[in-house]
Amino acid sequence: MTEQKSDEPQIEPFKGPAGGWGSVRSLAEILPRERVSPEAFRELVRQNKPDGFQCVSCAWPKPANHHPAEFCEEGAKATAWELTTLRTTPDFFREHTLTELRGWRDYDLEQHGRLTHPLRYDAATDKYVAVSWDEAFGAIGDSLRPLDPKSVVFYSSGRTSLEASYMYGLMARLFGNQNLPDSSNMCHESTSVGLKAAIGVPVGTTRLEDFEHCDAIFFFGQNVGSNAPRMLHDLRSCRKRGVEIVTFNPLRERGLERFTDPQNPLEMATLKETAISTQYHQVRAGGDIAAMMGIAKFLVEWDDAALSAGEPPVLDHAFIEAHTKGFADFSAAVRAADWGAILLECGLPKDELEASARIYAKAKAVMAIYGMGLTQHVKGVENVRMVVNLLLLRGNIGKPGAGATPVRGHSNVQGQRTVGITEKTELVPVEKLEAQYGFTAPRKKGLDTVESCRGVIDGSVKAFVALGGNFLRAVPETAAMEEAWPRLDLSVQIATKLNRNHLFPGKVTYLLPCLGRIEEDVQASGPQVVTVEDSTSCIHASRGKATPASEHLLSEPAIVAAIANRILPPNPKVDWDAWVTDYARIRDAIETTYPEVFVDFNKRLFTPGGFWKGNKATERIWLTPSKKAEFLVPSGLSATGFDDAKGRFRLMTLRSNDQFNTTIYGYHDRFRGVKGTRDVLFMNADDIAEAGLVEGQIVALESDADDGKVRRRDGLIVTPYSVPRGCLGAYYPECNVLMPVEHHAEQSHVPAAKSVPVRIAA
Ligand SMILES: Nc1nc2c(c(=O)[nH]1)N[C@H]1C(S)=C(S)[C@@H](COP(=O)(O)OP(=O)(O)OC[C@H]3O[C@@H](n4cnc5c(=O)[nH]c(N)nc54)[C@H](O)[C@@H]3O)O[C@H]1N2
Ligand SMILES: Nc1nc2c(c(=O)[nH]1)N[C@H]1C(S)=C(S)[C@@H](COP(=O)(O)OP(=O)(O)OC[C@H]3O[C@@H](n4cnc5c(=O)[nH]c(N)nc54)[C@H](O)[C@@H]3O)O[C@H]1N2
Ligand SMILES: [Mo]
C-alpha cells in the first residue's frame with residue numbers, strides 16, 4: 001500500500017519551543033484554510049468556559065479559574081475543523097464515485113468540509129445519494145431487526161456526549177448485545193484494566209490541584225506539546241516552583257523540553273522559554289518496565305542500606321504495611337532482577353536510572369503522568385502496573401500532589417465508560433438497568449475492538465453501526481479489514497465529515513450527518529446542553545451556540561433515538577422521543593442508573609471546573625478483592641511481547657502536531673521539523689549506516705510478526721532522528737497496515753501500536 005505524498009517535503013530540526021510564535025503561526029495557516037466563519041472566533045472565546053462548550057479535542061481538565069482564552073493551538077484547530085464553512089454536499093457525491101475517492105488522501109476527504117445530508121450508498125453507480133431521514137432510519141431498522149443481535153456491533157468514538165452514549169449503550173442492551181467497542185479499546189483500556197486491578201478504580205487518581213502540591217513528576221510516553229497542550233501551563237507552574245520533571249520517552253519531544261506560553265504577552269515578546277523536563281531519558285520503545293525495575297532496584301537497595309545503618313528508610317513501610325499486598329514478592333523480584341538485563345532492555349545507562357531514582361527517593365509527593373507510550377504495548381497493562389508499583393513504594397497514592405495521571409485522549413472517552421459504553425458486564429449496573437427499563441439485560445461479554453475486527457474479517461459480524469470515529473482507519477490490519485468490510489450486510493456511519501471508513505460500503509450503507517458539539521442543538525424544549533467527563537473525572541456541561549453546518553443535521557441523541565425506535569419493540573419505560581425533546585430527562589435517567597456519581601446531575605452540571613465524581617483510591621479505600629492496593633511482579637522486562645532478532649525493529653506509530661487521530665489537519669509536524677509530508681521513517685543514524693541506507697532514501701517496511709502474513713507499507717523517507725537504536729517512528733494511521741490484529745495488549749486488547757515488529761525492505 002502506498003500513501004500519496006504532499007508536495008515538497010522538507011525535513012529539518014525545529015529549534016523553537018512548544019507553544020510560542022510557532023503555535024500562533026500554525027493557527028494563522030490553518031484558520032484561513034478552513035475558511036472559518038466569523039462565528040468561529042466568537043466560539044473560541046467560549047471554549048472550555050463554564051457556560052461555553054467543552055473543547056472537542058483532548059480530555060485534559062478545564063480549570064475553574066480559566067484564562068481569558070482557555071484554548072490551545074490544537075483545540076483551536078479542532079474548533080476550526082468543525083466550524084469550517086466548507087461543505088460536502090450531495091453535489092459532491094454526484095461527481096465522485098467511491099472507487100475514485102478511495103484514491104484520495106485522508107486530509108483531502110475531510111478538508112472538503114462538513115457533511116450536509118443523510119446519504120445512502122448506491123452500488124449501481126458506486127456513489128452516495130441523498131435520502132430522507134425517514135428512508136434512512138426505515139432501511140436501517142429493516143436491516144437490523146432480522147439479524148442475530150450477536151452479529152451486530154455498535155462502535156462509538158470518545159467524542160460523543162454522556163447523554164448520547166448512555167442512550168447508545170442502552171439501545172444495544174435492549175437489542176440484545178453488549179457489542180460496544182469504543183475508541184478506549186485502542187487507547188487507555190490498559191489503564192482501565194491495570195489501575196482497577198491494582199488500586200480498585202479504573203481511572204487516574206489526581207486532579208489539577210495536585211500540580212500545586214507535587215514535588216516531582218515522572219512522565220512516561222505522552223507527547224504533551226501536541227496532544228494535551230493545555231497541560232503545559234500546569235507543568236510550567238510546577239517548574240517555576242522547582243518541581244523536578246523526569247521524562248521517559250524514546251523521542252525528544254519538544255513539548256517535554258521547552259515551552260513559551262502563547263497566552264503570556266511578556267513571554268511572547270521576550271521569547272522567554274521554560275525548560276520542562278529536568279531529566280530526559282530516551283528509553284527504548286517497550287523498555288519502561290525495565291527502566292522502572294531499575295529505579296525500584298535502587299530504591300530497595302538504598303532502603304536496605306538505610307535500615308541496616310539505622311537511618312530513616314527510603315520506602316514508606318508504614319504505608320506498604322497498612323495499605324498494600326504483594327510487597328514481599330515484588331521486592332524479591334526486584335532484588336533478583338539482573339542489572340545487565342535491565343540496562344539492555346531499557347537501553348539507558350545505569351547512572352541515568354540512578355539519577356531518576358534519587359529524585360524519586362527525595363520527593364514527598366510524586367505524580368506519574370503517562371499516555372500511549374505505556375498503554376499500547378503487548379505488556380501495556382504491566383506497564384501501568386509498574387507505574388503503580390513505583391508509586392506504592394513511597395505511598396504516592398492518596399495524598400495531595402501524588403498519584404497516577406493517565407492522560408485520556410478523546411474529550412469524553414472516560415465518560416462513555418462511566419455511563420455504560422462497555423462490552424464487559426461487570427462494569428455496568430445490570431440489575432439497576434433491568435429494574436429501570438423492565439427487561440433482561442444480556443450477560444454475555446460483548447465484542448471489544450480487537451474482537452470486532454476478528455468478527456468483520458471472519459464474517460461473524462454482519463452489521464456495524466458507528467457513532468463517530470473512523471474505525472477502519474484507526475484499527476490494525478488495514479488491508480484485511482478493508483477487504484472484508486464490503487461483506488457486511490449493513491454499515492451505518494454517524495459522522496460530521498467524510499472519512500476513509502465511509503468509502504468502504506457494506507451491502508446496505510448509510511452515512512448520517514450529525515451536529516457537532518460546538519453547534520446549537522435546538523429540540524422541542526429549546527436549546528440543549530450536553531455533558532462530558534474529563535481525564536480527572538470532572539463532569540462539565542457543554543453548550544453549543546454556532547449555527548449548524550446544515551439544516552438537515554440531527555443531533556446524536558436524536559439519531560440514536562430514531563434507530564432505537566425502529567429496532568426495538570415499544571417499551572413503556574423508555575420514551576426515546578421524550579428524551580430527545582429535553583436532554584435533562586436523559587440526565588435524570590442517568591442519575592437513576594448511577595445515583596452515586598450523578599446525584600443532582602441537572603443542578604450540578606454548570607459547576608465551574610466541573611463536578612468531581614469522586615475516587616475511592618484517593619481516600620486510600622481500595623476496591624480490590626484483597627481490599628489493598630496490589631503490587632504486581634511483571635512477567636518480564638520487555639513490554640514488546642516479541643524477541644529481538646537481527647534486522648527486526650520496534651516500530652512506534654506516532655501522531656504529528658497537525659492531526660487529531662485519523663483527522664489530518666495538515667502536513668506540518670512542526671516540533672519534529674517535518675513539513676509537506678507524512679511519509680517519514682524516523683531512524684537512528686547508526687542504524688541507518690548499519691543497514692547501508694542513506695538519508696532521504698525511500699524504503700518500505702514489512703511486518704515481522706512470524707504469522708506468515710505479508711503486510712507492507714511503501715514509500716517511507718529515511719530520516720535520521722534522535723531515537724534509540726532498534727526503534728523506528730512513523731505516522732499513524734498510515735502505518736496501521738503493518739499491525740497484525742493479534743498484536744495487542746494482553747488482558748486489555750489495546751492494539752500494540754508502540755512496538756510493532758517490522759523489517760526494512762528495499
Ligand atoms: N492534537 C492532538 N491531540 C490529541 C490527539 C491527536 O491525535 N492530536 N489524540 C487524542 C487521543 S485519542 C489520545 S489517546 C491522546 C494521545 O496522546 P499520547 O498519549 O501523547 O499519544 P501518541 O501521540 O501516540 O504518543 C505517545 C508518546 O509516547 C512515546 N512513546 C512511544 N513508545 C514509547 C515507549 O515504549 N515508552 C515510552 N516511555 N514512550 C513511548 C512517543 O514518542 C510519544 O511521545 O491524545 C489526544 N489528544
Ligand atoms: N497505529 C495506531 N493506531 C491507533 C492509535 C495509535 O497511536 N497508533 N491510536 C488509537 C487511539 S488512542 C484512538 S482513540 C483511535 C481513534 O479512533 P476513532 O475515535 O475511531 O477515530 P477519530 O480519528 O478520532 O475519528 C474521526 C472521525 O470522527 C468523526 N467525528 C468527528 N466529530 C464528530 C462528532 O461530533 N460526532 C460524530 N458522530 N462524529 C464525529 C469525523 O467524521 C471524523 O472523520 O485510534 C487508535 N489507533
Ligand atoms: Mo485515544
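Just so it is clear, the structure is predicted and the values come from calculations on it, not from any experiment.

Just checking my understanding: could you explain the domain arrangement of the protein chain for this structure?
By convention, interface size is frequently given as the accessible area that disappears when the constituent parts associate. Per the domain assignment, the segments making up the protein chain are domain 1 (87-186 + 414-599), domain 2 (189-407) and domain 3 (650-761). For domain 1 versus domain 3, the separation of C-alpha centres amounts to 31 Å. Contacts between the two partners involve 22 residues from domain 1, matched on the other side by 21 residues from domain 3. Here domain 1 meets domain 3 over a buried area of about 1,900 Å², counting both sides, of which 53% is carbon and sulfur. On the domain 1 side of the interface with domain 3, the three residues burying the most area are Tyr107, Pro476 and Glu477, jointly 29% of the side's total. Our count for the domain 1 to domain 3 interface comes out at two salt bridges. With a shortest N-O distance of 2.7 Å, Arg454 and Glu742 are connected by a salt bridge. Counting across the interface, domain 1 meets domain 3 through 13 residue pairs in polar contact (both at pLDDT 80 or more). At the level of elements, α6 (106-111), α22 (449-458), α23 (471-474) and α24 (478-484) are the ones that each hand at least two residues to the side of domain 1 that touches domain 3. With five residues, the top contributor of residues to the side of domain 1 that touches domain 3 is α22.

I'm lost on the confidence of the model for the protein chain in this one. Help?
For the protein chain, per-residue confidence averages 94 on the pLDDT scale, and 98% of positions sit at 70 or higher. Predicted confidence for residues 1-6 stays below pLDDT 50, and this span has 22 contacts to residues more than four positions away or in other chains.

So what exactly am I meant to see when it comes to the packing of helix α13 (residues 288-308) against helix α15 (residues 327-336) here?
In a packed pair of helices, the relevant descriptors are the angle between the two axes and the axis-to-axis distance. At a closest axis distance of 9 Å, the pairing of α13 and α15 adopts a crossing angle of 100 degrees. Judged on the interaxial angle alone, α15 and α13 are roughly perpendicular. Judged by residue contacts, Met293, Ala296, Lys297, Val300 and Asp304 of α13 engage Phe330, Ala333, Val334 and Arg335 from α15. Its residues assigned to classes, the contact of α13 with α15 shows six nonpolar, no polar and three charged.

Cut-off values and rules
Residues numbered from 1 in each chain as written. Chains lettered and ligands numbered in written order. Predicted model: local features only at pLDDT ≥ 70, side-chain atom pairs only at ≥ 80, totals over all residues. Heavy atoms only, no water. Domains from an automatic or database assignment. Contact = heavy atoms within 4.5 Å. Buried area = accessible area lost by both parts, 1.4 Å probe. Salt bridge = Lys/Arg side-chain N within 4 Å of Asp/Glu carboxyl O. Polar contact = N/O pair within 3.5 Å; in protein donor to acceptor, adjacent residues only side chain to side chain. Helix = DSSP H or I, 4+ residues; strand = E, 2+ residues; numbered from the N terminus. pLDDT = per-residue confidence, 0-100. Axes fitted to C-alpha atoms, helices over the stretch in contact; angles between N-to-C directions. Parallel < 35°, antiparallel > 145°, perpendicular 65-115°, else oblique. Nonpolar A, V, L, I, M, F, W, Y, C, P; charged D, E, K, R; others polar.

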